[in-house]
Amino acid sequence: MMRLWQDLTFGVRMLVKSPVFTLTAVVTLGLGIGLNAATFSAIHGLLFRPLPGTEQPEELVQLYRSWPGLEYGSNSVPHFQDLRDRAGDAFESVAAYNFAQVGIAFDGGSERLMGILASANIFELYGVRPAAGRLFDPVTESTGRGAHAVAVLGHGYWHSRFGGDPSVVGRTIEVNGHTFTVIGVAEEGFNGPVGFAAFPLYF
């Protein structure tokens, strides 16, 4: 115990004698601890924390296509449709999504945002409920050519852009030059299939 106290006393004296070194050490430690804490928080949010609004997250899997040199490739719409139709009892449901930059115009204004282009059963698969209006209907709203031009707003975007006004349901917006009808708003806390922070539109 005496030896430990002597070591601590010696260490404090050395730090007092070298204030520049002490400040550098404290700042370095602070940055290192802060960076590690931020990294752990991000990894925890992406990999370990269940998606808000998701029922039975342990049953969800993500499917990729692989090629030489590309381990995690995307699936085409025809491949998704073929997988969905042939899934049988292997999967309860199969959905597809893709992140995309979209240009949105409404009420004389316009902006570019990140959105999710998704199959009509995306919300059903994740167990998401509407905060206003309704979500996609897998029976009447298909994927691909001939699909209904409808959009569901993310909860955060609904509040930041429209002030949480429920009358936004039924209004039209232009997405990449095409007219879409807003049919609903996703419940609070659901930010997309992989849990990233803010994806305002789902199609």
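Residues numbered from 1 in each chain as written. Predicted model: local features only at pLDDT ≥ 70, side-chain atom pairs only at ≥ 80, totals over all residues. Heavy atoms only, no water.

Asks: For this particular structure, what's the right way to read the pairing of strand β6 (residues 150-153)?
Replies: A regular strand carries its side chains on alternate faces of the sheet. Side-chain alternation along β6 places Val150 and Val152 on one buried face and Ala151 and Leu153 on a second face that is also buried. Bridge count between β6 and strand β8 (residues 178-186): 4 bridges; the pairing is parallel. Residue Val152 lies in a different strand from β8, and its bridge partner there is Gly184. (Buried < 20%, exposed > 50% of the residue type's maximum accessible area, 1.4 Å probe, protein only. Helix = DSSP H or I, 4+ residues; strand = E, 2+ residues; numbered from the N terminus. Pairing = 2+ DSSP bridges.)

Asks: In this structure, what is going on with helix α3 (residues 77-86)? I would like to understand it.
Replies: The periodicity of an α-helix, 3.6 residues per turn, causes residues three or four positions apart to be oriented the same way. If you check the start of α3, you find a side-chain oxygen 3.2 Å away from the backbone N of His79, and it comes from Ser76. Where α3 terminates, the next one or two residues include Gly88, which has phi positive at roughly 55°. (Polar contact = N/O pair within 3.5 Å; in protein donor to acceptor, adjacent residues only side chain to side chain.)

Asks: Which parts of the structure should I look at to understand the environment of Glu174?
Replies: Along the chain, the position of Glu174 falls in strand β7 (residues 172-175). Look at Glu174 and you get partly exposed, because its relative accessible area is 38%. Placed 67 residues apart in sequence, Glu174 and Asp107 show a C-alpha to C-alpha distance of 10.0 Å. Setting aside residues no more than four positions away along its own chain, Glu174 makes contact with Gly103, Ile104, Ala105 and Thr179. (Contact = heavy atoms within 4.5 Å.)

Asks: For this particular structure, what's the right way to read the side chain of Glu187?
Replies: Examined against the element boundaries, Glu187 turns out to sit in the loop between β8 and β9 (201-202). In this structure Glu187 comes out as buried when scored by relative accessible area, which is 14%. At 2.9 Å, the side chain of Glu187 forms a polar contact with the backbone nitrogen of Arg129.

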